Amino acid sequence: MKKVIVLAIVCVFAFALAACGKDSGDDAKKNETKVTATPSPTATSAPTPTEDEEPTPTVEPAKTTTEVRLIIQNPSGNQGSIAINSLALAPSNSILYVLVRKTGETTGDQTGRSIGGFVLNFSPKLFDYEFVLDHNPEMDEEIRIPFTLTDLLSLAQANEEKEKSNKVVIKITDSAYTFDGVELEFEK
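Residues numbered from 1 in each chain as written. Predicted model: local features only at pLDDT ≥ 70, side-chain atom pairs only at ≥ 80, totals over all residues. Heavy atoms only, no water.

**Topic: empty space enclosed by the protein**
Phase 1: According to the stated counting rule, one finds one cavity of 30 Å³ or more in the structure shown.
Phase 2: Reported here for the largest cavity is a volume of approximately 50 Å³.
Phase 3: Split by residue class, the lining of the largest cavity holds nine nonpolar, no polar and no charged. (1 Å grid on protein atoms, 1.4 Å probe; cavity = no way out; pocket = protein on both sides within 12 Å on 5 of 7 lines; lining within 4 Å. Points joined across faces, edges and corners; volume = space filled by probe spheres on them. Nonpolar A, V, L, I, M, F, W, Y, C, P; charged D, E, K, R; others polar.)

Pasting the structure below:
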């Protein structure tokens, strides 16, 4: 509707100028101005809520970040231990990564080979959980062995000597591999 009114005014103005130019003869060309009509964009306003309506709140998606904490770093020898009560404070979605590096010479495919494991202290077993290679590692490749914190705490609760099981001892028994540490990874 506004466009039609603006266009009509421009047309009337153009006709008036044209009429003035015919009367003055040669001066009409000097006074002639070119008028072009450009439609202006119509502004639209966002609907405002009435008193009965409540504005809809915008909900932003939750941002999650992954955090990694080194629990054991640069252990001496091929073993280390972690206190279970310190793990109990970690978020339930945490994953423990045992970091192992191949440093010695081995021949043949290593897939399926046990290189160590962890045992709850005072457990009569050699290992409560065994680290078995799921691929054949190359020289100096870091191996990350995952274990969920929920599974570890369940294993500690199921131990016959659970009141004495206050730590997890990690041992690497294969001399071709070196224990580098343990990382705890969780989402915040």
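**Thoughts on the nonpolar core**
In globular proteins that are soluble, nonpolar side chains generally tend to be buried together.
Phase 1: Among the nonpolar cores identified, the biggest contains 28 residues, and Val98, Val100, Phe131, Ile170, Tyr177 and Val182 are the most heavily contacted of them.
Phase 2: Going through the elements one at a time, helix H3 (84-87), strand E3 (95-102), strand E4 (114-120), strand E6 (142-148), helix H4 (149-158), strand E7 (167-172) and strand E8 (177-187) are the ones with two or more residues in this core.
Phase 3: In terms of residue count, E8 provides more of this core than any other element does, five residues in total.
Phase 4: Beyond its immediate chain neighbours, meaning those up to four positions away, Phe131 contacts Val98, Arg113, Ser114, Ile115, Gly116, Gly117, Phe118, Ile145, Ile170, Lys171 and Ile172. (Core = buried A, V, L, I, M, F, W, Y, C linked by side-chain atoms within 4.5 Å. Buried < 20%, exposed > 50% of the residue type's maximum accessible area, 1.4 Å probe, protein only. Helix = DSSP H or I, 4+ residues; strand = E, 2+ residues; numbered from the N terminus. Contact = heavy atoms within 4.5 Å.)

**Considerations on the sheet that holds strand E1 (residues 66-73)**
Phase 1: Across the sheet, which stays open at both edges, the four strands sit in the order E1-E8-E3-E6 with antiparallel pairing between neighbours. Bordering the open sheet on either side are E1 and E6, each of which pairs with just one other strand. Averaged over all pairs of adjacent strands, the angle between their axes in this sheet comes to 25 degrees, without regard to strand direction.
Phase 2: As defined by bridge partners, E1 adjoins E8 across seven bridges and the pair is classed as antiparallel. (Pairing = 2+ DSSP bridges. Axes fitted to C-alpha atoms, helices over the stretch in contact; angles between N-to-C directions.)

**Focus on the pattern of salt bridges**
Phase 1: By the definition in use, this model includes seven salt bridges.
Phase 2: For Glu183, the salt bridge identified is with Arg144, shortest N-O distance 2.9 Å. Of the two residues, Glu183 is situated in strand E8 and Arg144 in strand E6; the sequence distance between them amounts to 39 residues.
Phase 3: We classify Glu183 as buried; its relative accessible area is 15%.
Phase 4: A cluster of three or more residues bridged by salt bridges with shared partners is formed by Arg101, Glu142 and Asp180. (Salt bridge = Lys/Arg side-chain N within 4 Å of Asp/Glu carboxyl O.)

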